[in-house]
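Per-entry structural report
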Amino acid sequence: MSYPPYSGSGYPTQGGYPQQPGYGGYPQQGGYPPQAGFVGMPDPYGAPGGGPGYPSQPGGGFPAVPGGGASGYPPAPGGQPGYGMQYPPQSQQQGYGQQPAPGGYPQQPGYQQPPGMGGFPPQQQGYGQTPAPGGYPQQPGYQQPPAGGAFPPQQQGYGQQPPPGGYYQPGAPGTCAPGYPGGPGAQPGGMPPPAVGVQTLPKGQGTVRPQPSFNPETDAKTLRKAMKGIGTDEKAIIEVLSHRSNDQRQQIKNMFKTMYGKDLVRELKSELGSNLEQAVVALMMTSVEYDAEQIHQAIAGAGTKEGVLIEIFCTRSNKQIQEIKVFYKAKYGKELEKRLMEETSGHFRRLIVSLSTGNRMENQPVDHQKARQDAQGLYQAGEKTLGTDESLFNSILCSQSFEQLRVVFQEYRRIANKGLDQAIKSEMSGDLEKGMVTLVRVIENIYFYFADRLHKSMKGAGTSDDTLIRVIVTRCEVDMVQIKQEYQRNYGKTLEGAIEGETSGDYKKLLMALVRG
């Protein structure tokens, strides 16, 4: 019996399979009885006469793919969740008479391979089924599609080329599923090809973690004993403070005052000195208090330390910036934005004020079409014109999410054949250039940015202890593990080795303890 001819869609017309021994031919659509223990499922596309024989699985359907990729397909190795997933290419679409890919559809019991034919055609994966390694298994009782092209274009599977225009992104603005016309703002051929090579950074890990057996009363006693009498036991102080989280150190500070009626920070200052004192006092502040103080010191007195402003405002979250502003006003009696405007000027002032609003669109979904447009706009505003439109750079870099901007940077590289940071260096100068370049590098890889800050603080004659202390204190509970990895990868030695060569005494011991964890 041969298959009925198709009317221009679906599977191409093929010669019939020979009669198999023991089988009375293929029944008509819907002719297979349900298997024992299985419940028939409707066709995924809603075609009439959905075939029984799909096993009902708990949970129903494929699990969601992190990052919003095409529903039902896990990302390929190295693929970026949510966009740019690439599947292994095939020389042509699998169909009748073609040899399945290695590990493809296994031969079913009782079905003999027709002469000269290379296996069964690819089958639509049923709901709630998980593909076996190497491909989708043939399902017993699976029915052939009805004549007349009742099914829409078959969903892409493993080992098949993506449709023109790339993979459909569920919920992505201005796209619709491949093979389906319509949809608000649908692009011809589906979604435009995404930028290639955009990466998501791994979540940061700190080297200093909360002490599981923490007891603030015991720690307060230990610190009291270390500072009582003649001399100071710096080793005991370092042992306690370098192995407690910031929240635990605040509890120790409060318990010390409760037990002894003295301010712990003031006591530590009287017992310690120089860089060790500076680092210990930094550890005893809350993160918001420390950032606010660093900003205040950067803009107070003669001159402004623009590097400190750039570091803090480019690397803190919206929530952290908002908390810094509130604390700054409470402690120093002035609005932070007003002080920043008084101490900065020109386009750099605009950049710092924009960042200090703490209003970046952190939860913005990635929009590849917008990223392409913004990249083109940046190219037109900079390299492709005489002069530079700094305002456009400011508006895009200070408002979009980091995830969105990584796609913008990749699109810019595709258009201009160079990184955006390189373009900024050639188009801008002074503090504005430093601020914009820092922002781009923080967005691309914040771990390398801090590794580079640490490297420069210890490079050459002398050490910038202010920067060294600030970066280690503020990152030891956040992402110091990744910063250390970037340091060794880029500079050929460990961060601990660099610190050991540039510092000394108890100050060195404290920094080493914080970095090692």
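All values reported here derive from a predicted model rather than from experimental measurement. (Residues numbered from 1 in each chain as written. Predicted model: local features only at pLDDT ≥ 70, side-chain atom pairs only at ≥ 80, totals over all residues. Heavy atoms only, no water.)

Regarding the overall build of the protein
Applicable threshold: Secondary structure elements are taken from DSSP: a helix is a run of H or I of four residues or more, a strand is a run of E of two residues or more, and numbering for both begins at the N terminus. For the exposure calls, accessible area comes from a 1.4 Å probe over protein chains only, and a residue counts as buried if that area is under 20% of its type's maximum, exposed if over 50%, partly exposed in between. Contact between two residues is taken to exist if any of their heavy atoms lie within 4.5 Å; hydrogens are not considered.
In terms of helices and strands, the protein carries 20 helices and zero strands. Out of the 517 residues in the protein, the part that is buried amounts to 43%. Sequence-distant contacts in the protein: of pairs separated by 6 or more residues, those separated by 24 or more amount to 69%.

Quick word on the packing of aromatic side chains
Keep this limit in mind: For Phe, Tyr and Trp, rings pair up if their centres lie within 6.5 Å, where Trp contributes its six-membered ring, and each pair is then called stacked (planes under 30 degrees apart), edge-to-face (over 60) or tilted (otherwise).
Scanning the entire structure with this criterion turns up five aromatic pairs. Seen from their ring centres, Tyr-449 and Phe-450 are 5.1 Å apart, and the 65° between their planes marks the pair as edge-to-face. Ring centres of Tyr-487 and Tyr-491 lie 5.1 Å apart, and the angle between their planes is 55°; this geometry places the pair in the tilted category. Taken as a pair, Tyr-487 and Tyr-491 lie in helix 18 (residues 480–491) at a separation of four residues, close to a single helical turn.

Some details on the side chain of Ser-356
Stated precisely, the cut-off is as follows: Polar contact is defined as a pair of N or O atoms within 3.5 Å, subject to the rule that within protein one atom must be able to donate a hydrogen and the other to accept it, and that residues adjacent in sequence are counted only when both atoms are side-chain atoms.
With respect to the helices and strands, the residue Ser-356 is situated in helix 10 (residues 346–356). Residue classification places Ser-356 among the buried residues on the basis of a relative accessible area of 3%. Engagement of the side chain of Ser-356 in a polar contact is seen with the backbone oxygen of Val-353, the distance being 2.8 Å. Apart from the residues within four sequence positions on either side, Ser-356 is in contact with Phe-313, Ile-321, Lys-325 and Leu-340.

Details of helix 2 (residues 234–241)
What helix 2 keeps buried is the set Ala-236, Ile-237, Ile-238, Val-240 and Leu-241. Tucked inside the fold, the buried residues of helix 2 contact helix 1 (216–227), helix 3 (246–260), helix 4 (264–271), helix 5 (274–284) and helix 20 (505–516).

Topic: the pattern of salt bridges
Which entries qualify depends on this criterion: A side-chain nitrogen of Lys or Arg and a carboxyl oxygen of Asp or Glu constitute a salt bridge if their distance falls within 4 Å.
By the definition in use, this model includes 21 salt bridges. Glu-486 serves as the salt-bridge partner of Arg-489, at 2.8 Å between the closest nitrogen and oxygen. Note that Arg-489 and Glu-486 are positioned in helix 18 at a spacing of three residues, about one turn of the helix. Since its relative accessible area comes to 57%, Arg-489 is described here as exposed. Of the charged contacts in the structure, one is a salt bridge between Asp-506 and Lys-509, with a shortest N-O distance of 3.8 Å.

Concerning the packing of helix 5 against helix 17 (residues 465–475)
To keep things clear, this is the line we draw: A fitted line through C-alpha atoms serves as each axis, taken over the contacting stretch for helices, and the angle formed by two N-to-C directions is quoted from 0 to 180°. The labels follow the angle: roughly parallel below 35 degrees, roughly antiparallel above 145, roughly perpendicular from 65 to 115, and oblique for the rest. In this scheme, a crossing is called left-handed if the near helix is turned counterclockwise away from the far one by less than a right angle; it is called right-handed if the turn is clockwise. For this scheme, ten residues count as nonpolar: Ala, Val, Leu, Ile, Met, Phe, Trp, Tyr, Cys and Pro. Four count as charged, namely Asp, Glu, Lys and Arg, and the remainder, Gly too, count as polar.
The geometry of helix 5 relative to helix 17 is characterised by a closest axis approach of 10 Å and an angle of 30° between their N-to-C directions. Here helix 5 is positioned roughly parallel relative to helix 17, judged by the angle of their axes. Here helix 5 and helix 17 pass one another in a crossing that is right-handed. The segment helix 5 lies against helix 17, with Asn-275, Gln-278, Ala-279, Ala-282 and Leu-283 engaging Asp-465, Asp-466, Ile-469 and Val-473. Its residues placed into classes, the contact of helix 5 with helix 17 shows five nonpolar, two polar and two charged.

What to know about the environment of Gln-320
When you line up the elements, Gln-320 lands in helix 8 (residues 318–332). Gln-320 gets classed as partly exposed once you look at its relative accessible area, which sits at 33%.

Topic: the packing of helix 10 against helix 15 (residues 430–444)
Interhelical geometry of helix 10 versus helix 15 gives an angle of 35° and a closest axis separation of 8 Å. The handedness of the crossing between helix 10 and helix 15 comes out as left-handed. Across the interface between the two elements, His-347, Phe-348, Leu-351 and Leu-355 of helix 10 pack against Asp-431, Leu-432, Gly-435, Met-436 and Leu-439 of helix 15. Of the residues assigned to the contact of helix 10 with helix 15, the class counts are six nonpolar, two polar and one charged.

Description of the nonpolar core
Just so we agree on the cut-off: We call a set of buried Ala, Val, Leu, Ile, Met, Phe, Trp, Tyr and Cys residues a nonpolar core when their side-chain atoms join them within 4.5 Å.
Leu-268, Phe-313, Leu-397, Leu-420, Ile-424 and Ile-472 are the most contacted members of the largest nonpolar core, which totals 98 residues. Setting aside anything within four residues of it in sequence, one finds Leu-420 in contact with Leu-378, Phe-393, Leu-397, Phe-409, Tyr-412 and Val-440.

Re helix 9 (residues 336–343)
Operational definition: The arc in question is the one traced by the directions running from the helix axis out to the C-beta atoms.
Leu-336, Arg-339 and Leu-340 are the residues of helix 9 that are buried. Along the axis of helix 9, the buried residues cluster in a sector spanning 100°; they form a single face. In this fold, the buried residues of helix 9 make contact with helix 6 (287–299), helix 7 (306–315), helix 8 and helix 10.

Considerations on the environment of Val-408
In this structure, Val-408 sits in helix 13 (residues 402–416). Sequence separation between Val-408 and Ala-371 is 37 residues; the distance between their C-alpha atoms is 4.6 Å. Ignoring sequence-local partners within four residues, the contact set of Val-408 consists of Ala-371, Asp-374, Ala-375 and Leu-378.

Digging into the environment of Met-285
Note on placement: Met-285 falls in the loop between helix 5 and helix 6. The spacing of Met-285 and Lys-253 is 32 residues in sequence and 9.7 Å in space, taken between C-alpha atoms.

Considering unusual backbone geometry
Positive phi values are uncommon outside glycine, yet Ser-274 reaches one of about 55°. Inspection of the secondary structure puts Ser-274 in helix 5.

As for the confidence of the model for the protein
The predicted coordinates ought not to be read in detail in places where the model reports low pLDDT. Stated precisely, the cut-off is as follows: pLDDT: the predictor's confidence for each residue, scored from 0 to 100.
Summary statistics for the protein give a mean pLDDT of 75 and a share of 61% for residues scoring 70 or more. Counting contacts from residues 1–196, a segment whose pLDDT is below 50, to residues more than four positions away or on other chains yields 275 contacts.

Details of the side chain of Glu-267
We apply this condition: Charged residues are defined narrowly, with Lys and Arg counted positive, Asp and Glu counted negative, and His plus the chain ends left uncounted.
The residue Glu-267 is located in helix 4 in this model. No salt bridge forms around the buried Glu-267; measuring N to O, its nearest opposite-charge neighbour Lys-262 is 4.3 Å away. Setting aside residues up to four positions removed in sequence, Glu-267 forms contacts with Met-227, Phe-256 and Lys-262.

Observations regarding the state of the cysteines
Note the cut-off: Two cysteine sulfurs form a disulfide in these notes if their separation is within 2.5 Å.
As enumerated under the stated definition, the model contains zero disulfides in all. Between Cys-314, a cysteine without a disulfide, and Cys-398, which holds the nearest cysteine sulfur, the sulfur-to-sulfur distance is 7.8 Å. Taking the relative accessible area as the measure of exposure, Cys-314 reaches 3% and is therefore buried. Taking the relative accessible area as the measure of exposure, Cys-398 reaches 10% and is therefore buried.

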